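# Coordinate analysis (summary)
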Amino acid sequence: MALAHTPNRRKKRLSREEKAEETRRALFRAAAKVVGKYGYADASISRITTEANIAQGTFYNYFETRQDLFDQLLPEVGGNMLDHIKEQVDTSVSGVERELQRLTAYFDYLHENPEFYRILNEAEIFAPKAHEKHFNMLIAGYMSAFRRSRDRDELQNYTDEELEVIAYILLAARGYLSLGYAVRGGRSRKVPPQVYSAYEKIVSSGLFKF
């Protein structure tokens, strides 16, 4: 019995704008890998374009200089991290559980993208504009989340000014917990359960209402 003819389905052609965006994202992905491996100082345009499998001259169609790329890299990967966390968090759960889900999602992202840790830590020296923009974005995100929790009557009695301090404390906790338990030598590790249990005790007794 002859098989029925199946028409060839052509892959949708990308528009010029879509191709440009795809190339731009490829350069960001490559830069993240190269900075994660070599650091900003040794992340040359040649290494980045080789990683992206893109001609070196093409780089300048998207970024004026290597520094221009560095100034955009951390906000780009940081935005990816925030998107990942948002997708993993169940907004219907209570404040403490939601904060634990944020922490878990952060470590999951770090496990899949261990280069993020070096991109973040070296940015203060090599890409200070990106570093400032990234932290402003994180603080703004936390403040929005805290205000929503306050509307649900989940928070202790903190002023907006105090909540900003809490946001910095929680971000500092992420950073040092990453250093102590999640990433060593550019390689990710499984975070042990005591990290989550200790974190839960702190936020449940000091930040959120029971």
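An unreviewed UniProt entry annotates the protein as TetR/AcrR family transcriptional regulator originating from Thalassovita aquimarina.

### Some remarks on the pattern of salt bridges
This structure, assessed with the given rule, holds 9 salt bridges. Measuring nitrogen to oxygen at the nearest pair gives 3.0 Å for the salt bridge that ties Arg25 to Glu21. With Arg25 and Glu21 both in helix α1 (residues 16-38), this residue pair falls 4 residues apart, about one helical turn. Overall, the relative accessible area of 38% leaves Arg25 in the partly exposed class. In this structure, Glu122 and Arg118 form a salt bridge, with 2.7 Å as the shortest nitrogen-oxygen distance. Of this pair, Glu122 and Arg118 both sit in helix α5 (residues 115-126), separated by 4 residues, roughly a single helical turn. Take Arg118: its relative accessible area is 30%, and that puts it in the partly exposed class. A cluster of three or more residues bridged by salt bridges with shared partners is formed by Glu21, Arg24, Arg25 and Glu76.

### Notes on the layout of surface pockets
Approximately 480 Å³ is the volume found for the largest pocket. Elements with a minimum of two residues in the lining of the largest pocket: α3 (66-88), α4 (95-112), α6 (128-151) and α7 (160-182). It is α6 that provides the largest number of residues to the lining of the largest pocket, a total of 7 residues. Looking at the lining of the largest pocket, its residues break down into 8 nonpolar, 3 polar and 7 charged. The volume enclosed by the second largest pocket comes to roughly 350 Å³. Lining the second largest pocket we find 18 residues, and of these Leu120, Asn121, Phe135, Leu171 and Gly175 sit closest to its centre. At the level of secondary structure, the elements contributing two or more residues to the lining of the second largest pocket comprise α5, α6 and α7. A breakdown of the residues in the lining of the second largest pocket according to their chemical character gives 12 nonpolar, 4 polar and 2 charged.

### Remarks on the UniProt feature "domain: HTH tetR-type" (unreviewed entry) in the protein
Using the residue numbers shown here, the UniProt feature "domain: HTH tetR-type" (unreviewed entry) corresponds to residues 21-81. Its end C-alpha atoms 19 Å apart, residues 21-81 is made of 69% helix and 0% strand.

Definitions and cut-offs
Numbers given to residues run from 1 along each chain, matching the order in which its sequence is written. Side-chain atom pairs in this predicted model are given and counted only at pLDDT of 80 or more, local residue features only at pLDDT of at least 70, and totals for whole chains, interfaces and linings cover all residues. Derived side-chain values reflect all non-hydrogen atoms in the structure, with water molecules and hydrogen atoms excluded from consideration. Salt bridge criterion: a side-chain nitrogen from Lys or Arg within 4 Å of a carboxyl oxygen from Asp or Glu. Strands are runs of DSSP state E lasting at least 2 residues, helices are runs of H or I lasting at least 4, and numbering of each runs from the N terminus. Note on exposure labels: buried denotes an accessible area under 20% of the residue type's maximum, exposed denotes more than 50%, and partly exposed covers the range between, all computed with a 1.4 Å probe on protein chains only. Points on a 1 Å grid over protein atoms alone make up a cavity when a 1.4 Å probe fits among them but cannot get out, and a pocket when they form an open set with protein on both sides within 12 Å along at least five of seven lines; lining residues each have an atom within 4 Å of a point. Grid points are joined across faces, edges and corners, and a volume is the space filled by probe spheres set on the points. Ten residue types, Ala, Val, Leu, Ile, Met, Phe, Trp, Tyr, Cys and Pro, are classed as nonpolar, four, Asp, Glu, Lys and Arg, as charged, and the remainder, Gly among them, as polar. UniProt positions are given in the numbering used here, feature names are shortened, and annotations may be inferred rather than shown by experiment.

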